[in-house]
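A structural walkthrough
Next come the chains, spelled out residue by residue.
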Amino acid sequence: MARSPNPPNAVVKADELAAPLDLLLTTATKPFASRMMPNATWARFGAGLAQHPGAVADRAGTLTRELGGIAAGKSHRAPARADKRFSDPAWQQNPLLHRIMQAYLAGAEAAEGLLTDVGLDWRDSEKMRFVMDNLVEGLAPTNNPLISPLGWKALIDTGGLSAVRGTKAFARDMLSKPRVPAMVEPDAFAVGETVAVTKGAVVLQTSMFELIQYVPQTPKVRAIPLLMVPPVINKYYIMDIAPGRSMIEYFVQQGQQVFVISWSNPQARQRDWGFDAYGAAIIEAMDAVQKIAGTDSTHLLATCSGGILAAMTAAHLGEIGEQDRVAGLTLAVTVLDENRAGFAAAAMSDRAAQAAIRVSRRKGYLDGRDMAEMFAWLRPTDLVWRYVVNNYVQGRKPAPFDVLFWNADTTRMAAALHRDMVQMGLGNALVTPGAVSMLGSPVDLAKITSDAYVIGGVADHISPWQATYRSARLLGSKDNRYVLSTSGHIAALVNPPGNPKASYRTGPVDVEDPEQWLDAAEKSADSWWPNYVAWLAERSGPEIDAPKTLGGEDLPPLGPAPGSYVMEK
C-alpha cells in the first residue's frame, strides 16, 4: 500500500467530490433517477421554451446548418482546450469520429443555449442545469464503448481482458453504495500507515469523539493551542492527509500546539445526536485542551459542517460571557449564509426537507455514501464518466490518490443532526439572530468578537466563495480577515507551500459586495498556510518550552494517533 505522487490534475479532480456539504442533505436521500425525472421545474422549463418560439427556432436552425457543415467536412468546431475527453488522436484523424465529436459538441452548445434563452429564476435554473449537465455529459461519444478509440485499443492490447475487467468492475460498483465508478481502489492506502501518520496520541475518548494531541516538533511552542474541528460527515484526516501535504504536520513544524477532534461514526442508536450534542462535545474538547496546555483559551479551526457547529458554539460562548475562551476563530470553506449558495440552496424546499428528515429518522442516520453519490453527479464529466471510461471501457484500475481515498472513506450523520442542519438551511437561520439555538442560547453570530480568519476557495462549487465571504460578514469580530485561495473545496485547504501555481488574496471584510472585495484584495503567491501561521502566532502568546509528554493530569495518552474512531466503518 504505497503512497503515490499526485497524478496529473488529481487535486483538481478531488475538489469536485469533497467533504459533503450539509446544505445538500435533502437531495442525498433521493434516488438519482428521481432528481432527473420531470417535475414542476421541467414544466416551467417547457413553458419557458413555449414563450420563446423565436429563440428555439433560431437555435434549431443554427444547429441544423452546423450539422450540415459537419457532414460536409466544413466545420471548424473543436473541443475547448480544457476538455480532455477528446485528447486521443483518433478523434481528430478519423473522419467519422471527428464528425461524431463535432456533432456532439454542437448539440451540447445548443442545449446550453436553450437553458439560457428560457430565463428561469435562479432556483429552477440550478435544478435544470443539474439535469442538463448529466444528460449532455452522459451522451458524450467518449463514454460509448462501441465508439471509444480508448476502449478498442485496450481491447486489442489485452486480447479482450479489458472487457472482462471492466465488466467485473461495473458489477462490483453497482452492487453497493455509492453506485458510481470507484475513483480509487479500497486498498490503495491504509489509515495510520500511508495517510494520517503525524505522530500524536489520543488524550480523551468520549462516546462522540476522540481528542488527539500531536507531538511537538520544535523545542519551543506557542502557549495558546489550536483545536481543529473537522466536518461531521467525513473523517478528520484530510487535515493530516500525507507527509509534506499535511496541514497538521505543517502547523506542528511551525511551533503550534495542535489538537484535533476525531468524530465517532454514529450508528442508529445515536440518532439523537443533534446541534446541542455536538456543541457540548466541542466545549468538552476545549476544556481538555485548555487543561492540558494550561491556558484560559484555545484557537478553533473548523471546516465545512464543522465550521457551522464551531461558529454556533462560539456564539453560545459569547452569549454566556465566555467569548474569551476562543483566542481566534478560523472557518474554512464554511457557509453560514446560505442565500443562493449554488445547487444546494436551489434544491431546498420544505417538502423535500421534510421527506429527507423522515428518511434519516427511520434509519437513525444519513448514510455518507448517499452524499458521495450525489456529489459525483454534480460533476459528471470528472467524477463519473471519466471513471466509466477508465474503469469499465478500458478495464483499468483508477490511479491511487490519497484525497480520493479519504473522500471514499465516508461516515454517517446522526438523524437529529441531519434534521437540525436541514431545518437551519431551509430557513437560512444563521443570518437572523435568535432563529436557531445552541445549548439553550439563541445564536447571534454578531456576538462572536474573537478575531476571525475565514478561508474560501475560488473554484469551490460546494461552498461558493461568495457565500463564505458573506458568511464572514455575519461575525462580530473587529479583526476579521478573509482569505481566498486558489482551487476548490479541498485543494484550497490541502495547499502546502511550494506550489508555483498556488496563490491567495487577503483583506478585511469591509465591503458588502464580494466582487468589490476581490478587486481590492491583496494578492500573494504560494500557499496561505504561512500567512495563517503568522496570524496564529500573533494571537498565541509567548513561546514556551515544548511539553516533554502528551496529555496531562487525568488525561493520560490512551493510544497512538490516529486513534480508533477513524477506523470505524
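About the criteria used
- Residues numbered from 1 in each chain as written.
- Predicted model: local features only at pLDDT ≥ 70, side-chain atom pairs only at ≥ 80, totals over all residues.
- Heavy atoms only, no water.
- Patch = residues over 30% accessible without salt bridge, like charges linked within 9 Å, V, L, I, M, F, W, Y side chains within 5 Å.
- Areas by Shrake-Rupley, 256 points an atom, 1.4 Å probe, with all protein chains shown as cover.
- Salt bridge = Lys/Arg side-chain N within 4 Å of Asp/Glu carboxyl O.
- Lys, Arg positive; Asp, Glu negative; His and termini not counted.
- Charge placed at Lys NZ, Arg CZ, Asp CG, Glu CD.
- Helix = DSSP H or I, 4+ residues; strand = E, 2+ residues; numbered from the N terminus.
- Domains from an automatic or database assignment.
- pLDDT = per-residue confidence, 0-100.
- Contact = heavy atoms within 4.5 Å.
- Polar contact = N/O pair within 3.5 Å; in protein donor to acceptor, adjacent residues only side chain to side chain.
- Core = buried A, V, L, I, M, F, W, Y, C linked by side-chain atoms within 4.5 Å.
- Buried < 20%, exposed > 50% of the residue type's maximum accessible area, 1.4 Å probe, protein only.
- Phe/Tyr/Trp six-rings, centres within 6.5 Å; stacked < 30°, edge-to-face > 60°.
- Lys NZ or Arg CZ within 6 Å of the ring centre and 35° of its normal.

Side note on a negative patch on the surface
Residues Glu512, Asp513, Glu515 and Asp519 make up a contiguous surface patch of negative charge. Along the chain, aspartate 519 falls in helix H20 (residues 514–520).

Some points on the domain arrangement of the protein chain
By the assigned domains, the protein chain splits into domain 1 (14–141) and domain 2 (200–567). The straight-line distance from the C-alpha centre of domain 1 to that of domain 2 is 34 Å.

Considerations on the confidence of the model for the protein chain
Averaged over every residue, the pLDDT of the protein chain is 89; the share at 70 or more is 91%. For the stretch residues 1–23, pLDDT sits under 50, and the model shows 83 contacts to residues farther than four places along the chain or on other chains. Under a pLDDT of 50 for its full length, residues 341–347 has, in the predicted model, 28 contacts with residues more than four places off or in other chains.

Thoughts on the environment of serine 264
Take serine 264: it is sitting in the loop between strand S5 (258–263) and helix H11 (275–293). Sequence separation of serine 264 and serine 207 is 57 residues, and the distance between their C-alpha atoms is 7.1 Å. There is a polar contact of 3.5 Å between the side chain of serine 264 and the side chain of glutamate 568.

A look at the nonpolar core
Core analysis: the largest hydrophobic core is formed by 128 residues, its most contacted members being Leu211, Met228, Tyr237, Phe251 and Trp528. At 10 residues, H11 tops the list of elements feeding residues into this core. Filtering out sequence-adjacent residues up to four positions away, tyrosine 237 remains in contact with Val191, Val195, Ala196, Phe405, Trp406, Asp409 and Val566. Within the second largest apolar cluster, 17 residues are counted, among which are Phe45, Ala90, Leu115 and Val136.

Side note on the environment of methionine 312
Mapped onto the elements, methionine 312 comes out in helix H12 (residues 304–319). Methionine 312 sits in the buried class, given a relative accessible area of 0%. Here the alpha-carbon distance between methionine 312 and isoleucine 448, two residues 136 residues apart in the chain, equals 9.2 Å. Contact partners of methionine 312, with chain neighbours within four places excluded, come to Phe275, Met424, Leu430, Val436, Ser437, Met438 and Val443.

Examining the packing of aromatic side chains
A ring pair, where both rings are aromatic, is described by two values, the distance of the centres and the angle of the planes. Considering all chains together, one arrives at 21 aromatic pairs under this definition. Taken together, a centroid distance of 6.5 Å and an interplanar angle of 35° make the contact between tryptophan 465 and tyrosine 482 tilted. On the criterion of sequence distance, the pair formed by tryptophan 465 in helix H19 (residues 465–472) and tyrosine 482 in strand S13 (residues 480–485) is long-range, its members being 17 residues apart. Under the relative-accessibility criterion, tryptophan 465 is labelled buried at 4%. One aromatic cluster is present, formed by Tyr250, Phe251, Tyr453, Trp528, Trp529, Tyr532 and Trp535 through successive ring pairs. Over the aromatic face of tyrosine 365 sits the side chain of arginine 412, whose NZ or CZ is 5.5 Å from the ring centroid.

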